[in-house]
Amino acid sequence: MLGPSGRMGRAVIEAAGSHVAAAVDRPDSPLVGTQVAEGVLATHDIGTALDASDVYIDFTTPAGTRGAAIAATPRRKAAVIGTTGLAAADDEAIAALAQLAPVVVAANFSVGVNLLLGLVKQAARALPDWDAEVVETHHNKKRDAPSGTALAIARSIASGRGVDYDRVKRHTRDGDIGPRPAGEIGVSTVRGGDVIGEHTAFFFGPAERIEIAHRATSRAIFAAGAVRAALWVVGKPPGRYDMLDVLGFTP
Ligand code: NAD
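So, about the pattern of salt bridges. Inspection of every chain in the model, using the stated rule, returns 15 salt bridges. Of the charged contacts in the structure, one is a salt bridge between Arg 66 and Asp 90, with a shortest N-O distance of 2.4 Å. In this pair, Arg 66 sits in helix 3 (residues 62-72) while Asp 90 sits in helix 4 (residues 88-100), placing the two residues 24 residues apart along the sequence. Residue Arg 66 is classed as partly exposed on the basis of its relative accessible area of 32%. Glu 184 serves as the salt-bridge partner of Arg 173, at 2.9 Å between the closest nitrogen and oxygen. Taken together, the positions of Arg 173 in the loop between strand 8 (169-170) and strand 9 (185-191) and Glu 184 in the loop between strand 8 and strand 9 put the pair 11 residues apart, joining distant regions of the chain.

Side chains Val 55 and Ile 57 project from strand 4 (residues 55-58) onto one buried face, and the interleaved Tyr 56 and Asp 58 project onto a second face that is buried too. Pairing analysis gives four bridges linking strand 4 to strand 5 (residues 78-81), with the strands arranged parallel. From the neighbouring strand, Tyr 56 faces strand 5, where its bridge partner is Ala 79. Handedness of the crossover is the feature at issue here: the chain leaves strand 4, passes through helix 3, returns alongside strand 5, and the resulting connection is right-handed.

Bringing the site of the ligand into the picture now. In the region of the ligand, 22 residues are neighbours, and Ser 5, Gly 6, Met 8, Asp 25 and Thr 84 sit closest. With respect to the ligand, the backbone of Gly 82 contributes an N or O atom lying 3.2 Å from a nitrogen atom. Contacts to the ligand include Phe 109, whose backbone N or O atom sits 3.0 Å from an oxygen atom. Classifying every residue of the shell around the ligand by side-chain character gives seven nonpolar, 10 polar and five charged.

A word on the pairing of strand 10 (residues 197-205). Counting buried positions along strand 10 gives seven out of nine residues, so the element sits mostly inside the fold. Sheet analysis places strand 7 (residues 131-138) next to strand 10, joined by seven bridges and oriented antiparallel. Bridging across to strand 10, Thr 137 finds its partner in Glu 198. Count of turn residues in the strand 10/strand 11 (residues 208-216) antiparallel hairpin: two residues, of which Ala 207 carries a positive phi of about 65 degrees.

Rules used throughout
Residues numbered from 1 in each chain as written. Predicted model: local features only at pLDDT ≥ 70, side-chain atom pairs only at ≥ 80, totals over all residues. Heavy atoms only, no water. Salt bridge = Lys/Arg side-chain N within 4 Å of Asp/Glu carboxyl O. Helix = DSSP H or I, 4+ residues; strand = E, 2+ residues; numbered from the N terminus. Buried < 20%, exposed > 50% of the residue type's maximum accessible area, 1.4 Å probe, protein only. Pairing = 2+ DSSP bridges. Right-handed = clockwise from strand over helix to strand, strands pointing away. Near = heavy atom within 4 Å. Polar contact = N/O pair within 3.5 Å; in protein donor to acceptor, adjacent residues only side chain to side chain. Nonpolar A, V, L, I, M, F, W, Y, C, P; charged D, E, K, R; others polar.

Structure representation (structure tokens):
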């Protein structure tokens, strides 16, 4: 696994237990050379770590994820990737790996959020004229905004309506913005404290509204989902999969 010193890395080590074969951190991490799981010393040598593993779990940074995918590609190594805020170049490195190996990529590994993706799609399909908004709240250390999960929810709403998300999205509002355009899908970000992750999809109709919300109270749900995905993905044909595939949910 990658990033053992991180918030998610620690949760993955806890969830994976004796399945952890190797742990890779940045060369300057104080954890390198120390024991992070039973019989496992953290290393910065990703090649050796990948060679010792059937699959790797990655909750790091976009640069860390890109580097790992590039190292894993010639090794045809299965992967479970949870890093968010990925740019086009990172997605290209993942796509190259997915040509040769099975890769699960998900902005959220919890059962609840993946169920919610289906619920919001259903609501969006049934309520095409209602104003859809997504609000997300996370801890004050989170680097990317909006959260990958908020974007996945917003994309599910767009997909339920059969519209191109990039044409209807509104990520920030400020100043004299005028009336809200029909069909817009808004995403708003709140940052503070130690909030693990909260997402609400709002559908505003005339004189009524629906709120579909998910609140995570422990990172253990993401770690357990990632370990479940790792056990599922080994031996699958090459390709890019998501958590809906792992859970067998049809949104
Ligand atoms: P964090 O900052 O606590 O941890 C990041 C870790 O990555 C650190 O240990 C760091 O040393 C390590 N790292 C950075 N570059 C590396 C590299 N090149 N090689 C190896 N390790 C490297 O962050 P976090 O809160 O654990 O979140 C990590 C990522 O996971 C974020 O993108 C976050 O949004 C995402 N996340 C996803 C889910 C999900 O379910 N998909 C859930 C929570 C967080």
